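One-letter residues, chain by chain:
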Amino acid sequence: MQNLRKPYLLFLGDVTLKSDAKTGFGLRDWCPADVIGEWALPQATVSLGLPVVTPEEGAERGAGSMLIGVAPVGGQLPPAWVPALVQALDAGLDIVSGMHTRLESCPALAAAAARSGARLVNVRHSDLPLPTGTGRKRSGWRVLTVGTDCALGKKYTALALARALQALGAKASFRASGQTGIMIAGEGIAIDAVVADFISGAAELLSPDNTTDHWDVIEGQGALFHPAYAGVTLGLLHGSQPDAIVLCHDPSRTTIEDYPHIPLPSLQEAIRRYVEAAQLTNPSVRCVGVAINSSSLDDTAWARYRHAVADELGLPVCDPMRGGVDAIARALLA
């Protein structure tokens, strides 16, 4: 698995849109103790509200890595960033990137890393050999976040659920399966970059045998109902071998985002199909709750929607960013 050196200095490049800096905001919000500050080029107009720290100052304060907190268009490395990244490498900081471009493909970065001994860490990529899935029952407990669609809160739900379980006194770990989750956790496997034959095996590595009273909270990817990304979802589902699932949903959507010809299933149907698919590797899997991205609803509409879904499904319904997921955590432990 990827292992990252903390704490981080967050690099914002020349970002001008807050949405492009979602990785930086995610780290600021979910692992503030691991972030010492931000640094950007003069052209940047977006700030995380953190202290401005140069790479040299970051190294003096004990930073291990400068983490790229921006997702540039196309996932490519902008040439204008290279001198700043070289400066960080020369200061002894690893560079951590979630982009598609491999950092070592830039000669200047490769040379700077060789000169300083710092690492170029491509979170989305791994050259480690991965096994195929076995379906072998592993010790410990597992809960996987799944969704009716992509990009509607599976990572945030998993992070919130891990914290809620810990607050209740349970042993629990967040297991990251995407690049931003890996940066937050400091380790993990970017499942969407794994060759298809090895997805379930990578998921087994992500959540290995553990003590019988420990919960792994596994970050979900994609959606079974997505015409492009259902494959990664299914492989992760089989390899995770979850004892429980939490369904994530955005009530403002009626079709797969950007695929208006693909309607979303009902929540009841989505749960049925996820449970059926998960039973291949864990016949005892159950759904323990529904996590809603309620940002499109005002307080009155959210309360009405939450109660209606809870009555229909007989499950706790929560928004991790609007009241937390304690009810789901309690249902899991019950």
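Below: a short report on this structure. Predicted model only: the values in this text are computed from it and were never measured. (Residues numbered from 1 in each chain as written. Predicted model: local features only at pLDDT ≥ 70, side-chain atom pairs only at ≥ 80, totals over all residues. Heavy atoms only, no water.)

Axes are the key here: two packed helices are described by the angle between their axes and the distance separating the axes. Two elements in contact, helix α1 (residues 22-30) and helix α5 (residues 154-167), have axes whose closest approach is 12 Å; the angle formed by their N-to-C orientations is 10°. Relative to α5, the element α1 is oriented roughly parallel. Touching Gly-26, Asp-29 and Trp-30 of α1 are Tyr-156, Leu-159, Ala-160 and Arg-163, all from α5. A breakdown of the residues in the contact of α1 with α5 according to their chemical character gives four nonpolar, one polar and two charged. (Axes fitted to C-alpha atoms, helices over the stretch in contact; angles between N-to-C directions. Helix = DSSP H or I, 4+ residues; strand = E, 2+ residues; numbered from the N terminus. Parallel < 35°, antiparallel > 145°, perpendicular 65-115°, else oblique. Contact = heavy atoms within 4.5 Å. Nonpolar A, V, L, I, M, F, W, Y, C, P; charged D, E, K, R; others polar.)

To continue, consider the side chain of Ser-97. Mapped onto the secondary structure, Ser-97 falls in strand β5 (residues 94-97). With a relative accessible area of 0%, Ser-97 lands in the buried category. Here Met-99 takes part through its backbone nitrogen, which lies 3.1 Å from a polar atom of the side chain of Ser-97. Residues within four places of Ser-97 in sequence aside, it is in contact with Ile-68, Leu-103, Val-121, Asn-122, Val-123, Arg-124 and Met-183. (Buried < 20%, exposed > 50% of the residue type's maximum accessible area, 1.4 Å probe, protein only. Polar contact = N/O pair within 3.5 Å; in protein donor to acceptor, adjacent residues only side chain to side chain.)

The subject of this paragraph is the environment of Ile-245. With respect to the helices and strands, the residue Ile-245 is situated in strand β11 (residues 244-249). Separated by 10 residues in the primary sequence, Ile-245 and Gly-235 place their C-alpha atoms 15 Å from one another.

By the definition in use, this model includes 18 salt bridges. The shortest N-O distance in the salt bridge between Arg-253 and Glu-257 comes to 3.7 Å. By relative accessible area, Glu-257 is classed as partly exposed at 41%. The residue Arg-272 makes a salt bridge to Glu-276 at a minimum N-O spacing of 3.8 Å. With Arg-272 and Glu-276 both in helix α9 (residues 267-278), this residue pair falls four residues apart, about one helical turn. (Salt bridge = Lys/Arg side-chain N within 4 Å of Asp/Glu carboxyl O.)

This paragraph deals with the sheet that holds β5. Taken in spatial order, the five strands line up as β3-β2-β4-β5-β6 in an open sheet, and their pairing is parallel. The open sheet is flanked by β3 (35-39) and β6 (120-122), the only strands paired with a single partner. Averaged over all pairs of adjacent strands, the angle between strand axes in this sheet comes to 25°, irrespective of strand direction. (Pairing = 2+ DSSP bridges.)

This next bit is on the state of the cysteines. Counted by the stated rule, this structure contains zero disulfides. You can see Cys-31 has no disulfide; the closest cysteine sulfur is in Cys-248, sitting 20 Å from it. Its relative accessible area of 7% is what places Cys-31 among the buried residues. Note on Cys-150: no disulfide assigned, nearest cysteine sulfur contributed by Cys-248 at a separation of 12 Å. (Disulfide = S-S within 2.5 Å.)

Of the residues making up helix α4 (residues 107-116), those classed as buried are Leu-109, Ala-112 and Ala-113. The arc enclosing the buried residues of α4, seen along the axis, measures out at 100°, which places them on a common side. Facing away from the buried side of α4 by over 90 degrees, the exposed positions are Pro-107, Ala-114 and Arg-115. Looking at the buried positions of α4, the neighbouring elements they touch are α3 (82-90) and β6. Following α4 by one or two positions, Gly-117 adopts a phi angle in the positive range, close to 85°. (Arc of directions from axis to C-beta.)

Counted by the stated rule, this structure contains five aromatic pairs. Centroid distance Phe-11 to Trp-39: 6.0 Å. Interplanar angle 45°. Geometry classified as tilted. Taken together, the positions of Phe-11 in strand β2 (residues 8-11) and Trp-39 in strand β3 put the pair 28 residues apart, joining distant regions of the chain. For Phe-11, a relative accessible area of 0% gives the class buried. Aromatic side chains Phe-11 and Trp-81 sit 5.6 Å apart centroid to centroid with 90° between the ring planes, which places their arrangement in the edge-to-face category. Of the two residues, Phe-11 is situated in strand β2 and Trp-81 in the loop between β4 (65-68) and α3; the sequence distance between them amounts to 70 residues. Residue classification places Trp-81 among the buried positions, given a relative accessible area of 1%. What links up through ring pairs into an aromatic cluster is the set Phe-11, Trp-39 and Trp-81. The ring of Trp-302 carries Arg-306 above its face, with NZ or CZ at 5.1 Å from the centroid. (Phe/Tyr/Trp six-rings, centres within 6.5 Å; stacked < 30°, edge-to-face > 60°. Lys NZ or Arg CZ within 6 Å of the ring centre and 35° of its normal.)

As a further point, take the packing of α9 against helix α10 (residues 299-313). One can describe the packing of α9 onto α10 by two numbers: an axis separation of 10 Å at closest approach and a directional angle of 50°. As the angle between them shows, α9 and α10 are arranged oblique. Handedness of the crossing formed by α9 with α10: right-handed. Counting all contacts with α9, which are made through Leu-267, Gln-268 and Ile-271, the residues of α10 involved are Tyr-305, Val-309, Glu-312 and Leu-313. Here the residues of the contact of α9 with α10 sort into five nonpolar, one polar and one charged. (Left-handed = near helix turned anticlockwise from the far one by under 90°.)

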